[in-house]
Every structure is written in C-alpha cells, then in structure tokens.
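The lines below spell out each chain.
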Amino acid sequence: MTDYPGPALVTLATSFLLFACAAHVGRCRIRFGIKAPATSGHPQFDIAYRIQANTVENSVSFLPVLWVFAGTVSSLWATVLGGAWLAARVWYAIAYARDPRTRGAGFLISMLCFGALGIGGAYGVLRGMLV
C-alpha cells in the first residue's frame, strides 16, 4: 500500500461516504417512522434510500477501475480522478437530498471520472499484455 497512498485514501473515503449514506437512511427511518424491512414510505426516506442504493451501486463499479488504473497507469492520476469522482458523488448526494431534479451535474461528473478510469485502466492492462 505504500506505493498507492492516494488510491488507498480515496478507497477509505468512499467507505466513509457509504457509511454516511447508510446512517442517513437510518436517521430517516427513525424520523419518518419507516420500520424495516420497508424500503419506501415518506418521500424524504425514499430519496435517502435511493441515494444510498445509487452510491453502493456506483462504488461497486468504481473501486475496481480505480485500482486497475492505479496499478497499470498512474497512482497519482487515479487519486486525482478518484478524488473528483468522490467529490462528485458527495455533490450528487447533497443535491439529490435537497431536490432530486438537481442531482444531474454530480452524476455526470462522477460518470466522466468513472469512464476515464475504466478506459484508462483497460488501456493500461492491454498495454501491459502487449509488452
């Protein structure tokens, strides 16, 4: 890990974001009286639940491409793109919680970062196979 401190920090921060999203869902369950296993009820709970689910879904795809890119292309650029992805996901979550119609910019930036990491990682793997 000493060769990859930036991607490691981005990974830890992503874990903290996932925890924060889950905690927000828990707070909304209490606040709006949504008993488990229900996954809908009050509109603000529904929003919190979707934020959490979307963040989990995106993290599952993001973390592998972050590490493939870091290992085959650049730890520094993985950190930059991963940090931008993380900031965009936080932006997405906050915007979605305030008004779901405003979540688009955070989503778009996170998807562009994901795409750059994925394409770059694929390039790095293929380049390594051909050398």
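In the block above lies the structure referred to throughout.
Heads up: these notes are all about the structure in this document. (Residues numbered from 1 in each chain as written. Predicted model: local features only at pLDDT ≥ 70, side-chain atom pairs only at ≥ 80, totals over all residues. Heavy atoms only, no water.)

**Some details on helix α1 (residues 5-32)**
A turn of α-helix holds 3.6 residues, and therefore any two residues three or four places apart point the same way.
And step 1. Its 28 residues place the ends of α1 40 Å apart at the C-alpha level, agreeing with the 40 Å of an ideal helix rising 1.5 Å per residue.
And step 2. Residues of α1 that are buried make contact with α2 (43-72) and α3 (75-98).
And step 3. In the segment just after α1, Gly33 is the residue with positive phi, at about 65°. (Helix = DSSP H or I, 4+ residues; strand = E, 2+ residues; numbered from the N terminus. Expected span 1.5 Å × (residues − 1). Contact = heavy atoms within 4.5 Å.)

**Focus on the layout of surface pockets**
One water molecule sets the probe size; rolling that probe over the atoms shows where empty space is left.
And step 1. The computed volume of the largest pocket comes to approximately 160 Å³.
And step 2. Leu17, Ala20, Cys21, His24, Arg27, Ala48, Ile51, Val90, Ala93, Ile94 and Ala97 are the residues that line the largest pocket.
And step 3. Looking at the lining of the largest pocket, the element that brings in the most residues is α1, giving five residues.
And step 4. Taken together, the residues that form the lining of the largest pocket break down as nine nonpolar, one polar and one charged. (1 Å grid on protein atoms, 1.4 Å probe; cavity = no way out; pocket = protein on both sides within 12 Å on 5 of 7 lines; lining within 4 Å. Points joined across faces, edges and corners; volume = space filled by probe spheres on them. Nonpolar A, V, L, I, M, F, W, Y, C, P; charged D, E, K, R; others polar.)

**Things to note about the pattern of salt bridges**
And step 1. In this structure the tally under the stated criterion is two salt bridges.
And step 2. The salt bridge involving Arg50 is made with Glu57; its shortest N-O contact spans 4.0 Å.
And step 3. Across the pair Asp99 and Arg101 runs a salt bridge whose closest N-O atoms are separated by 3.0 Å.
And step 4. Residue classification places Asp99 among the partly exposed residues on the basis of a relative accessible area of 23%.
And step 5. Taking the relative accessible area as the measure of exposure, Arg101 reaches 74% and is therefore exposed. (Salt bridge = Lys/Arg side-chain N within 4 Å of Asp/Glu carboxyl O. Buried < 20%, exposed > 50% of the residue type's maximum accessible area, 1.4 Å probe, protein only.)

**Section: the environment of Ala84**
And step 1. Along the chain, Ala84 falls in helix α3.
And step 2. Once the C-alpha coordinates of Ala84 and Ser110 are considered, the two residues, 26 residues apart in sequence, prove to be 7.2 Å apart.
And step 3. The contact partners of Ala84, leaving out residues within four places of it in the chain, are Ile109 and Cys113.

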